[in-house]
Amino acid sequence: MTATEQQLQDAPARTAPQIAREAGINPLDYLIERGYVQDVTNPDALRAAFASGPVTAYVGFDPTARSLHVGHMMGIMALATLQRFGHRPIALGGGGTVMVGDPSGKTSTRPQMTIEAIQDNLSNILTQFDRYIDFAGGRFGDNPPAILANNADWLLELRYIEFLREIGRHFSVNEMLATDTYRTRLETTGLNFVEFNYRLVQSYDFLHLYRTYDCRLQMGGTDQWSNIVAGVDRVRRVESADVFAVVWPLLTTASGQKMGKSEGNSLWLDPTMTSPYDFYQYWVNVDDADVEKLLRLYTFLPMERIRELTSVDGAALREAKQALAHEVTELTHGTEATAEAEAASRALFGGGKATIDDSSIPTATIAASDVATGEITIAEAFVRSGLCGSRGEARRLAQQGGLSIDDEKIDDVDQPFTQTSGAALFRVGKKRYMRVVVE
């Protein structure tokens, strides 16, 4: 099966945005109801623009890592929603802006990345939009094809003096220094001149996309509000055009943790960095207080179905969590990977003892030749399984009674790991498992 055929198979027949479109609901009102809008410039004019014909909108994604993570899904879902309403999304890779480094929300300067690392990251993340957004057209009805762009294509070609004359002259240094991002950095670790230019180059992106694609809307997180509004103002001043900004709230869980963090690590969209099983498990184990919000933001289920799923409390919310995990995992990894993750979850948490030969359970391999030396401890085996980040962490968890192998609690992790062949079920706590095979 080709990637396109898999995407067509995975695509639901009619999603909540398509149903809302058929009902005549304005996209802005839909985004507000689902929780994507914290601030918006000129909402009445934006509603009118949406009603008058296809609007082109963009979200920027700087390639600071080899994969996007769950935090980026807010932007991807917002673009995917607008496309299902019949509007045109632009997924903008920040191959140019990442060379500057966004100071927003950072207390220190970002490490400077090499050109090779940027290109590697960018080539990997640009493929991750395909499951959510249609770049060919027609996959979600009569939607226009999305645009995939890289701002390095125009930012790296800028001539500095001309850029300063056209863009820089519109920016007030006093105004920029009054914003939280720049003021906080100046009062703490300091701000270098390259970072100080981030707002200029981001606003130039909006101007370029307006000139090239008639892009009228930029969206992003609330920490980008001042940067995005600066872009709106630049397009208005330079082109005398009305364009718009929409930002969503930064998402945290009920416990106050940043959304998409699991065991202290980011929840990546790349299956080689976060397995579909671990991805599924994150969603099926979210806090009860977060389920309704996450169903609104991270799925295309109709509001009626979400209200039905979340009208209960306690253990009865299990169905809602399973629906959340299924929908988000299927969007991100496809039908087959979701079915395997669900099968593994049933094998491990279905009420009986997991069958160690079940291939759907996430598996790690340790070479028998390494075990034969007698130098691998149980702590090292847990590290190699991926369940523990270090031998010290394994010791700490064992002292807390949180480690077991084949349902036998492990107290001393510094003893040799003696499994010479076959498979064993490693467990951390109640919900994290790994099938470890020695071969």
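Remember, it's a predicted structure, so these values are computed and weren't measured experimentally. Numbering of residues begins from 1 in every chain and follows the order in which that chain's sequence is written. Where totals are concerned, whole chains, interfaces and linings use all residues; where local detail is concerned, this predicted model gives features only for residues with pLDDT of at least 70, and gives and counts side-chain atom pairs only at 80 or more. Hydrogens and water are ignored here; the side-chain numbers use all heavy atoms of the structure.

*Asks:* It is not clear to me how the overall build of the protein should be interpreted in this structure. Could you clarify?
*Replies:* Helix and strand labels come from DSSP, where a helix needs a run of H or I of at least four residues and a strand needs a run of E of at least two; each type is numbered from the N terminus. When helices and strands are tallied, the protein shows 22 helices and 13 strands. The rule is simple: take the accessible area with a 1.4 Å probe, protein chains only, and divide by the maximum for that residue type; under 20% is buried, over 50% is exposed, in between is partly exposed. A buried classification covers 51% of the 439 residues belonging to the protein. We call two residues in contact when some of their heavy atoms are within 4.5 Å. Partitioning the contacts of the protein with sequence separation of at least 6, the portion at a separation of at least 24 is 71%. In these tables, accessible area is a Shrake-Rupley quantity obtained with a 1.4 Å probe, and a residue counts as shielded only by the protein chains included in the view. For the protein, the accessible surface area stands at approximately 20000 Å², while carbon and sulfur atoms represent 48% of it.

*Asks:* What am I meant to see in helix H14 (residues 225-239) here?
*Replies:* Since the α-helix packs 3.6 residues into each turn, any two residues three or four apart lie on the same face. Across its 15 residues, H14 extends 21 Å between first and last C-alpha, which sits within 8% of the 21 Å expected from 1.5 Å per residue. Regarding H14, the residues found buried are Asn227, Ile228, Ala230, Gly231, Val232, Asp233, Arg234 and Val235. Elements that come into contact with the buried residues of H14 comprise helix H13 (198-213), strand S5 (215-221) and strand S6 (244-248). Downstream of H14 by a residue or two, Ser240 has a phi angle that is positive, lying close to 55°. Given the number of residues in a helix, its expected span is that number minus one, multiplied by 1.5 Å.

*Asks:* Is there a simple way to think about the packing of aromatic side chains in this case?
*Replies:* Within a pair of aromatic rings, the relevant descriptors are the distance that separates the centres and the angle that separates the planes. For this analysis, a ring pair means two rings from Phe, Tyr or Trp (six-membered ring only for Trp) whose centres lie within 6.5 Å, classed as stacked if their planes differ by under 30 degrees, edge-to-face if by over 60, and tilted for the remaining angles. Following the criterion strictly, the structure yields eight aromatic pairs and no others. Aromatic pair Tyr58 and Phe206: ring centres 5.7 Å apart, planes at 70°, arrangement edge-to-face. Of this pair, Tyr58 sits in strand S2 (residues 56-61) while Phe206 sits in helix H13; the two residues are 148 residues apart in sequence, bridging distant segments of the chain. Summarising the burial analysis for this pair, Tyr58 and Phe206 share the class buried. When the centroid spacing of 5.9 Å and the interplanar angle of 75° are considered together, the rings of Phe417 and Phe426 count as edge-to-face. Site record: aromatic cluster; members linked through ring pairs are Phe279, Tyr282, Trp283 and Tyr298. Stacked on the ring of Phe140, the Lys or Arg Arg84 has its end atom at 3.6 Å from the ring centre. Charge over a ring is defined by NZ of Lys or CZ of Arg lying within 6 Å of the ring centre and within 35 degrees of the ring normal.

*Asks:* What am I meant to see in the packing of H13 against H14 here?
*Replies:* For any two helices packed against each other, the geometry is given by the interaxial angle and the distance between the axes. Axis definition: a line fitted to C-alpha atoms, limited for helices to the stretch in contact. Angles are taken between N-to-C directions and run from 0 to 180 degrees. At their nearest, the axes of H13 and H14 sit 8 Å apart, and the two run at 50° to each other. As far as their axial angle goes, H14 and H13 are oblique. In the crossing of H13 with H14, the sense of the turn from one axis to the other is right-handed. Between H13, through Tyr198, Arg199, Gln202, Ser203, Phe206, Leu207, Tyr210 and Arg211, and H14, the contact on the second element is made entirely by Ser226, Asn227, Ile228, Ala230, Gly231, Val232, Arg234, Val235, Val238 and Glu239. Oblique is the label for any angle not covered by the other classes, which are roughly parallel (under 35 degrees), roughly antiparallel (over 145) and roughly perpendicular (65 to 115). By convention, the crossing between two helices is left-handed when the near helix turns anticlockwise from the far helix through less than a right angle, and right-handed when the turn is clockwise.

*Asks:* Even after reading the chapter, I still don't get the sheet that holds strand S3 (residues 88-93), so can you show me in this structure?
*Replies:* In a beta sheet, neighbouring strands are held together by backbone hydrogen bonds and run either parallel or antiparallel to one another. In space, the six strands of this open sheet follow the order S1-S6-S5-S2-S3-S4, with mixed pairing throughout. Pairing within the sheet leaves two strands with one partner each, and these edge strands are strand S1 (39-40) and strand S4 (147-150). One ladder, built from five bridges, connects S5 with S6; its direction is parallel. Bridge pairing links Leu217 to Phe244 in S6. Strands in contact with H13 are S2, S3, S4, S5 and S6; relative to S5, the strand with the most contacts, it is inclined by about 145°. Two strands qualify as a pair provided DSSP detects at least 2 bridges between them.

*Asks:* Teacher, can you tell me more about the nonpolar core here?
*Replies:* A general tendency of soluble globular proteins is for nonpolar side chains to be buried together. Residue types Ala, Val, Leu, Ile, Met, Phe, Trp, Tyr and Cys, when buried and joined through side-chain atoms within 4.5 Å, form a set referred to as a nonpolar core. Counting 62 residues, the largest nonpolar core has Tyr132, Leu217, Met219, Trp283 and Tyr298 as its most contacted members. Top element by residues in this core is helix H5 (residues 73-84). It accounts for eight residues. Once residues lying within four places of it in the same chain are set aside, the contact partners of Met219 are Ala57, Tyr58, Val59, Ala78, Leu79, Leu82, Ile228, Val246 and Trp248. With 24 residues, the next largest nonpolar core counts Ala364, Cys388, Val413 and Val438 among its residues.

*Asks:* Would you take a moment to explain the sheet that holds strand S10 (residues 403-405) for this structure?
*Replies:* Ordered in space as S9-S13-S12-S10-S11, the five strands form an open sheet in which the pairing is mixed. Of all the strands in the sheet, the pair left with one neighbour each is strand S9 (363-366) and strand S11 (408-409). Relative to strand S13 (residues 432-438), S9 is paired through four bridges, and the arrangement is parallel. Across the sheet, residue Ile366 finds its bridge partner in S13, namely Val438. Across the sheet, helix H21 (residues 378-385) is in contact with S9, S10, strand S12 (422-428) and S13; its angle to S12 comes to roughly 90°.

*Asks:* Could you clarify how one ought to interpret the pairing of S5 in this entry?
*Replies:* Counting buried positions along S5 gives six out of seven residues, so the element sits mostly inside the fold. Pairing between S2 and S5: three bridges, direction parallel. Paired with Thr56 across the strands is Cys215, a residue of S5. Regarding the hand of the β-α-β motif, the stretch spanning S5, H14 and S6 is right-handed. Crossover handedness is defined here as right-handed if the route from the first strand over the helix to the second strand goes clockwise, with the strands pointing away from the viewer.

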